[in-house]
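Fold and contact review
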Amino acid sequence: MKKISILGSTGSIGTQALDVVRHLPEEFSVEVLTANSNVELFARQIKEFRPRVAVLADEAAYKKLSKKKFRGTELAGGRQALIDAAGFGASEIVLTAISGFAGLEPTIRAIKARKNIALANKETLVVAGEYITKLAELCGVEILPVDSEHGAFFQCLQGEDRRKIKKLLLTASGGPFRGKTRDELLNVTIKDVLAHPTWNMGKKITVDSATLINKGFEVIEAKFLYGVDYDQIQVVVHPQSIVHSMVEFCDGSIIAQLAAPDMRLPIQYALTYPRRLPSPIKPLNFWELNSLTFEKPDTETFRGLNYAYAMGKIGGTLPCSLNAINEVAVNAFLQGRIKFLDIFTVIEEVLTRRDVFAPTLENLLEEDRGARQLAERYIELAY
Ligand code: NDP
Ligand code: MG
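Notes on the structure in this doc start here. (Residues numbered from 1 in each chain as written. Chains lettered and ligands numbered in written order. Predicted model: local features only at pLDDT ≥ 70, side-chain atom pairs only at ≥ 80, totals over all residues. Heavy atoms only, no water.)

1. Overview of the coordination of the magnesium ion (ligand 2)
Every protein donor of the magnesium ion (ligand 2) is listed here as Asp147 (OD), Glu149 (OE) and Glu218 (OE), and their distances to the metal cover 2.1 to 2.2 Å. Mapping the donors of the magnesium ion (ligand 2) onto the primary sequence yields the spacing D-x1-E-x68-E. Placement of aspartate 147 in the loop between β7 (143-145) and α7 (148-156) and of glutamate 218 in helix α10 (residues 213-226) is noted, with a sequence separation of 71 residues between them. Each member of the pair, aspartate 147 together with glutamate 218, is buried. (Donors = N, O, S within 2.8 Å, 3.2 Å for Na, K, Ca; no water. Helix = DSSP H or I, 4+ residues; strand = E, 2+ residues; numbered from the N terminus. Buried < 20%, exposed > 50% of the residue type's maximum accessible area, 1.4 Å probe, protein only.)

In structure tokens form, the structure reads like this:
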């Protein structure tokens, strides 16, 4: 049995990962589960999967949880306990499914404890791509992609020489507002933004999908996972989300990975790699698939993609600044403090006020704090 840890077990990726475990009970034993504050769901997960350690980052939630009785599970609470749990004991692979910057330090701890990483938390590579890839190499651990597009690249590249990659064709659903103009987006509601056409995900990544920031982050993620240049990554809008991404090689061949849009597939492949095992996902029926379409992304309206290419190319602490400002802007949008299109304005205004430094861990942590503070202040004053 493979011993696994799941950070962020109560989220969209976390619950789907536990469903993978449920379908393959002979394959996995769960060592560690962590979440933030969802006590009820977390308690049910502890009862069902009986991890050795279970941690809630939120102290008040932990107090509530600790009133319940669990046999064989050590409970802990607080941010530090969560980071420690990421490096815990016998676990072989850690699925990082916390959302946002909060996922960075637990991931670093897991790598330092020489655990392979099933990486869902793409922000880790956006913020600290260089640092993380070097650290993983130094510690001899593998970073296995969970993001569906990167999971597709990973599958297309099995047995291939990565130096022969000409282009990574990164597919994008286009989000809920594909085809809309800026004017049509002036008054969209939180509910409109959260109605993603093909994927059911956590709130933050769903907003990021609507701005195309998510796709921009995936460009940076692909750059670090596969060691290509930014100019070799091309985003292709594919609204059906059936082709999960493609690799074009130097001889002109293109290899694609297709499947129904179901995150349990890339999660399972990352956890069982290099083995392929049966999965519960719905098979594709090519007699019923009407058409698969492809188009160019509209980066005039959805500027998120441009920011990521621009900040990624300059590098240093700027991708970290972009991530921090975006997290603050997305939160403000979800709290009803700013409108959808203001997310772009906040990012542009605050980014121009950030300097670039070498991407050491210390500078990245400092920049995350600084960019957040400035973004908060900007929103307070401007809206
Ligand atoms: P969710 O918001 O659904 O889940 C986030 C999880 O992290 C929850 O378990 C939450 O706990 C926990 N969490 C949130 N904040 C903290 C914190 N500060 N400290 C500790 N734990 C915390 O997110 P998703 O599952 O959608 O996304 C997770 C990651 O995976 C993101 O980085 C996203 O970009 C990436 N991803 C997601 C995809 C998807 O289909 N959902 C696809 C590809 C990538 P609680 O429930 O208690 O709040
Ligand atoms: Mg994705």
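That shown, we press on.
2. Looking at the packing of α10 against helix α12 (residues 304-314)
Where α10 meets α12, the closest approach of the two axes is 7 Å, and the angle between their N-to-C directions is 25°. Our classification of the angle between α10 and α12 gives roughly parallel. Viewed along their axes, α10 and α12 form a crossing whose handedness is right-handed. Residues Ile213, Lys215, Gly216, Phe217, Val219 and Ile220 of α10 touch α12, and the partners they reach there are Gly304, Leu305, Tyr307, Ala308, Tyr309 and Gly312. Residues belonging to the contact of α10 with α12 are distributed by class as follows: eight nonpolar, three polar and one charged. (Axes fitted to C-alpha atoms, helices over the stretch in contact; angles between N-to-C directions. Parallel < 35°, antiparallel > 145°, perpendicular 65-115°, else oblique. Left-handed = near helix turned anticlockwise from the far one by under 90°. Contact = heavy atoms within 4.5 Å. Nonpolar A, V, L, I, M, F, W, Y, C, P; charged D, E, K, R; others polar.)

3. With respect to the pairing of strand β9 (residues 233-237)
Most of β9 is tucked away: four of the five residues are buried. Pairing geometry for strand β8 (residues 165-172) and β9, over five bridges, is parallel. Pairing of threonine 171 across the sheet is with valine 236, part of β9. (Pairing = 2+ DSSP bridges.)

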